[in-house]
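One-letter residues, chain by chain:
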Amino acid sequence: MVKRIVGSIGRYIRQTDILLFLLCLVASSLGILMLFGIVNAELMKISRLYVQIAATVLGIIAAIIMSKIDYHFMAKLWKLHVPCAILLVLLTFVWGQQRGEADDKAWIFFNLSSNFQISIQPSEILKISFVLSFALHLEAVRENINKLKNVIFLCIHGLYPVVLIHFQGDDGTALVFLFVFLCMIFSAGISWKYIFLAMGAMAAAIPILWNTILTTDQKNRILAIWDYDFDTQNIGWQQLQGRISIGSGQIWGIGIFSPDHRSGVPEIHNDFIFAFIAESVGFIGSVAILLLLVSIGLKILSNSRLAQDYLGKYICIGVSAIIMTQIFINIGMCLSILPVIGITLPFFSSGGTSAATLYLAIGLSLSVYMHNRRTLFS
């Protein structure tokens, strides 16, 4: 029995993208270590750490299971998983609740007992469903992608989650969906005439967006990145405190378990965990962690080039786009390059749904890798 288990593990290691798997495990381990440091500094409840560990373990198991399932099969189940994912998001309009300092009611809470409550963020599940369904759509129209009818339907497919999540109130996640859509459709060979047309439309829409769509709070968050002294007691407070923590780490940092960590950064365990990372391990450690995260995104992107069909290629591009977009936005927020829009740092930020669904996305990429391996006689 033991020999069979060991043999199965050995076969899986030989078949899977072991480098990607190891990079993800290292990132998750470092993320849990950072969260333990935040607990040690009494900046987060230890229950959040337990949830993160449990969600990561479950996510890894789910990724292994998903990697063994042919991604073609999962994509063809879009009539099942897309309606379920959309329904979960729609439920937040009725039963959605806020969590922590978040402005949007994007979570659904379940009371399992009088002392135990769990929550899910349906938009994270929708990301996986969207990548699968949109990749299938792109493959279906690949040879005629630049026909106007196909472009219109692709835009409707690509922009429905953006609109849905925007009205939910989570504009940060809506922006992630937008960038994933753009990356995937660009990789499929959309004509430059449509790209330039879209860029012109977006430029023309900026005044309308500013004057009619954005709230005063959202406008102030944008203004705060241009003026560091803008409303530092309110809108700019979080970013100001984050920059101070990042700067206090200097070159080598003060240590993960140092007693001298600052306590003034809101959501330091979540959206602003990079501030704690930089304070703990300094510039050198922050760059190393950034390179680790970028390496994961690039490794998944390289798997898209190994895929023997376009469906696998588009899936890997979508997964890579999710990770790379969140890295860029999250660190941009912490460095005051971008406004605060509530995006987590992959593998590091606290969040059970985020951690588990991230590994589901990794499982998709592993499925593409494992089901595209050429055999000796192929």
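Residues numbered from 1 in each chain as written. Predicted model: local features only at pLDDT ≥ 70, side-chain atom pairs only at ≥ 80, totals over all residues. Heavy atoms only, no water.

(A) Examining the overall build of the protein more closely. Helix and strand counts for the protein come out as 14 helices and 2 strands. The C-alpha radius of gyration of the protein comes to 21 Å, within 12% of the 21 Å expected for a compact globule of 378 residues. Across its three principal directions, the C-alpha atoms of the protein cover 60 × 60 × 45 Å. Split into buried and exposed, the 378 residues of the protein put 47% on the buried side. When the accessible surface of the protein is summed, it comes to about 19000 Å², and 68% of that surface belongs to carbon and sulfur atoms. Of the charged side chains in the protein, 25 are positive and 20 negative, and the gap between their average positions amounts to 16 Å. (Helix = DSSP H or I, 4+ residues; strand = E, 2+ residues; numbered from the N terminus. Rg over C-alpha atoms; globule rule 2.2 N^0.38 Å. Buried < 20%, exposed > 50% of the residue type's maximum accessible area, 1.4 Å probe, protein only. Areas by Shrake-Rupley, 256 points an atom, 1.4 Å probe, with all protein chains shown as cover. Lys, Arg positive; Asp, Glu negative; His and termini not counted. Charge placed at Lys NZ, Arg CZ, Asp CG, Glu CD.)

(B) Representation of a nonpolar patch on the surface within the structure. A grouping of Ile46, Tyr50, Ile53, Val57, Leu58, Ile61, Ile65, Ile69, Phe73, Leu77 and Leu80 is seen on the molecular surface, where their side chains present a nonpolar patch of about 1000 Å² in accessible area. When residues in the nonpolar patch are grouped by element, the largest group, 7 residues, is from helix H3 (residues 46-68). For Leu77, the position within the fold is in the loop between helix H4 (71-76) and helix H5 (78-95). Note on Leu77: relative accessible area 33%, which makes it partly exposed. (Patch = residues over 30% accessible without salt bridge, like charges linked within 9 Å, V, L, I, M, F, W, Y side chains within 5 Å. Salt bridge = Lys/Arg side-chain N within 4 Å of Asp/Glu carboxyl O.)

(C) Fine view of the nonpolar core. Met34, Leu138, Ile296, Ile315, Phe347, Phe348 and Ile362 are the most contacted members of the largest nonpolar core, which totals 92 residues. In terms of residues, this core owes the most to one element, helix H13 (residues 310-334), which gives 14 residues. Leave out the neighbours within four places in its chain, and Ile362 touches Leu20, Cys24, Ile296, Ile300, Ile323 and Phe347. (Core = buried A, V, L, I, M, F, W, Y, C linked by side-chain atoms within 4.5 Å. Contact = heavy atoms within 4.5 Å.)

(D) Representation of the environment of Arg142 within the structure. Inspection of the secondary structure assignment puts Arg142 in the loop between helix H6 (122-140) and helix H7 (148-168). The spacing of Arg142 and Gly189 is 47 residues in sequence and 8.1 Å in space, taken between C-alpha atoms. Dropping the residues within four chain positions of it, Arg142 is found in contact with Tyr310 and Tyr314.

(E) Structural context of H13. Between its first and last C-alpha atoms H13 spans 36 Å; for 25 residues at 1.5 Å apiece the expected length is 36 Å, and the two agree. With 21 of its 25 residues buried, H13 lies for the most part within the structure. One or two steps after H13, the chain reaches Ser336, where phi turns positive at roughly 65°. (Expected span 1.5 Å × (residues − 1).)

(F) Quick peek at the environment of Ala63. For Ala63, the position within the fold is in helix H3. Looking at Ala63, the relative accessible area reads 1%, which means it is buried. Sequence separation between Ala63 and Ile362 is 299 residues, and the spatial gap between their C-alpha atoms is 6.3 Å. The residues contacting Ala63, other than those within four sequence positions of it, are Tyr359 and Gly363.

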